[in-house]
Amino acid sequence: MHMLNHNSMRFILFLLPIFFLLNTLSAQSEKEKWIGFETSVTGDFYKTLDGGISNEYVYLGMEDVGLTFDLEKMGLWSGAEVFIQGLNTHGRLPSEELTGDMQVVSNIESGIYTGVYQYYISQSIGNWNFILGQHDLNSEFVGTEYGGTFVNSSFGISPTISLNVPVSIYPMASLAFVAKYELKKKYNFKLGVYDGDPGDPESNRYNLQPNISDQDGALIISEFERSLEFNGNPDKIKIGAYYHTNKFTDYRDTLKKVNGNYGLYSTIDFVLWSNFAKPDRYIGLFAQGGIAPLHINKVNYYVGGGVHFNGILETDKPDALGLAFAYANLSRDYKKLNSDYAQGELIFELTYKLRFLDHYCVQPNIQYVINPGASATLEDALVALMRFNIYLNY
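These figures come from a predicted structure and were not determined experimentally. (Residues numbered from 1 in each chain as written. Predicted model: local features only at pLDDT ≥ 70, side-chain atom pairs only at ≥ 80, totals over all residues. Heavy atoms only, no water.)

Comments concerning the overall build of the chain
Logical step 1: Within the chain, the secondary structure is distributed over four helices and 16 strands.
Logical step 2: A globule of 394 residues ought to have a C-alpha radius of gyration of about 21 Å, and the chain, at 22 Å, matches this closely.
Logical step 3: For the chain, the spread of C-alpha atoms along the principal axes amounts to about 65 × 55 × 45 Å.
Logical step 4: When contacts within the chain are restricted to residue pairs at least 6 apart in sequence, those whose partners lie at least 24 apart make up 62%. (Helix = DSSP H or I, 4+ residues; strand = E, 2+ residues; numbered from the N terminus. Rg over C-alpha atoms; globule rule 2.2 N^0.38 Å. Contact = heavy atoms within 4.5 Å.)

Quick look at a nonpolar patch on the surface
Logical step 1: A surface patch of nonpolar side chains, amounting to about 600 Å² of accessible area, comprises Leu264, Ile291, Tyr301, Val303, Phe325, Phe348 and Tyr368.
Logical step 2: Structurally, the position occupied by Ile291 is in strand β11 (residues 278–291).
Logical step 3: According to the relative accessible area criterion, Ile291 is partly exposed, its value standing at 47%. (Patch = residues over 30% accessible without salt bridge, like charges linked within 9 Å, V, L, I, M, F, W, Y side chains within 5 Å. Areas by Shrake-Rupley, 256 points an atom, 1.4 Å probe, with all protein chains shown as cover. Salt bridge = Lys/Arg side-chain N within 4 Å of Asp/Glu carboxyl O. Buried < 20%, exposed > 50% of the residue type's maximum accessible area, 1.4 Å probe, protein only.)

Here's the deal with unusual backbone geometry
Logical step 1: The amide bond that connects Tyr170 to the next residue, Pro171, takes the cis arrangement and shows omega of 5 degrees.
Logical step 2: Inspection of the secondary structure assignment puts Pro171 in the loop between α3 (159–162) and β6 (174–183).
Logical step 3: In this structure, Val104 is a non-glycine residue whose phi angle is positive, near 75 degrees.
Logical step 4: Examined against the element boundaries, Val104 turns out to sit in the loop between α2 (94–99) and β4 (113–125).
Logical step 5: Taking relative accessible area as the criterion, Val104 reaches 24% and is therefore assigned partly exposed.
Logical step 6: Phi at Asn231 takes a positive value of approximately 55 degrees, unusual for a residue other than glycine.

Quick look at the pairing of strand β16 (residues 381–393)
Logical step 1: As paired elements, strand β1 (residues 35–50) and β16 share 12 bridges and run antiparallel to each other. Of the residues in β16, the one forming a bridge with Lys47 is Ala384.
Logical step 2: As defined by bridge partners, strand β15 (residues 360–370) adjoins β16 across 10 bridges and the pair is classed as antiparallel. Within β16, the position partnered with Asn365 by the bridge is Leu385. (Pairing = 2+ DSSP bridges.)

A few points about the side chain of Glu345
Logical step 1: When you line up the elements, Glu345 lands in strand β14 (residues 344–356).
Logical step 2: A polar atom in the side chain of Glu345 sits 2.9 Å from the backbone nitrogen of Met102.
Logical step 3: Beyond its immediate chain neighbours, meaning those up to four positions away, Glu345 contacts Asp101, Met102, Gln103, Ala326, Tyr327, Ala328, Val369, Ile370, Asn371, Pro372, Gly373 and Ala374. (Polar contact = N/O pair within 3.5 Å; in protein donor to acceptor, adjacent residues only side chain to side chain.)

Points about the pattern of salt bridges
Logical step 1: All told, the structure shown has 15 salt bridges when counted by the stated rule.
Logical step 2: Its salt-bridge partner being Arg92, residue Glu56 comes within 3.4 Å of it at the nearest N-O pair. Separated by 36 residues along the polypeptide, Glu56 in the loop between β1 and β2 (57–70) and Arg92 in the loop between β3 (80–91) and α2 bring together distant segments of the chain.
Logical step 3: Under the relative-accessibility criterion, Arg92 is labelled partly exposed at 32%.
Logical step 4: With a closest N to O distance of 2.9 Å, Arg226 and Asp235 form a salt bridge.
Logical step 5: Judged by its relative accessible area of 13%, Asp235 is buried.
Logical step 6: The network of salt bridges with common partners includes Glu140, Lys180, Lys190 and Glu223.

Describing the confidence of the model for the chain
Logical step 1: Confidence in the prediction for the chain averages 92 pLDDT; 92% of positions are at 70 or higher.
Logical step 2: Scored below 50 in pLDDT, residues 1–8 makes two contacts in the model with residues more than four places away or belonging to other chains. (pLDDT = per-residue confidence, 0-100.)

Structural notes on the environment of Gly52
Logical step 1: Relative to the assigned elements, Gly52 resides in the loop between β1 and β2.
Logical step 2: With relative accessibility at 15%, the residue Gly52 sits in the buried group.
Logical step 3: Placed 122 residues apart in sequence, Gly52 and Ser174 show a C-alpha to C-alpha distance of 33 Å.
Logical step 4: With residues near it in sequence (within four places) discarded, Gly52 still touches Leu98, Thr99, Leu378, Glu379, Asp380 and Ala381.

Right, dumping it as structure tokens:
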């Protein structure tokens, strides 16, 4: 009989707790389910077909694992849950190395990194909900429902935030306190206070060493949301504002610093049409906007939007087709620093998402980038991308 080698033993030891967890989950009824498990694997096959910096073919990927513990069902704490999420990313940085765009063509781009992404406790008391811990701002603020179909990062969070101030978003989250109040199940008021600098994978390798410092400041964000449904599909309006307490370079005089940075944003999700006999067949529109001061920001305004067609094919797992645009405008004061800057960067994205079986998805994607990186010297880029996703939850 052959003896198991060390690598085989490590692999078996790694799998044992997962098998135990899945066995525990499968034995729970919905009423007594005190632990939830979710994991996904996402990969992008990426090639710049024309323009940009390079026409290389690359692959990038992301895996994440999340655990939710219902403390009330565990008999420990009424109305409380604990969430923990780990993250692994790998592959090249195609926007930086191949395309040259600043809005980031693939929203999973992050280079090579492994760490704890989120860990927090959530407490519900009546109409209130509170979150305390390491938290992704974009999971509660700024995002759109129908923009989530798309691959470009700007359809997740406005570049007036992500390109202007340090912010707690993928792949590095920071410590936060978030309070939410729901009124009549259709109005939501949110306030979040986040550590002003989540750091980077180099200085905080596994994201387990929160670096809270007076020098980092804090990011304070508030949002009002009107949330309705049309034939079971989301119909939302969000209006928000943020303020970062740190010091920022004044682009009118780069030797000076200005106290504080701020901006406004809004998103709209609107159901244009829905099949009342088959609610999964509908057309949704979304729009985004953001503004920020000229003299202390790289991007002083952003506009984006698109259309989402859901359930084109009559299948058990609704497919989706989407067409969208994203425009990030460079501020006048920032442009004066370099004569090679164009006015801004404009991206068009066409995508199709096909779900099959219970846990699988493929998503061919085409993006055309005008003025990559808002550069007047780079050629417009045509990018082809094929995404796959495998998702499991218990």
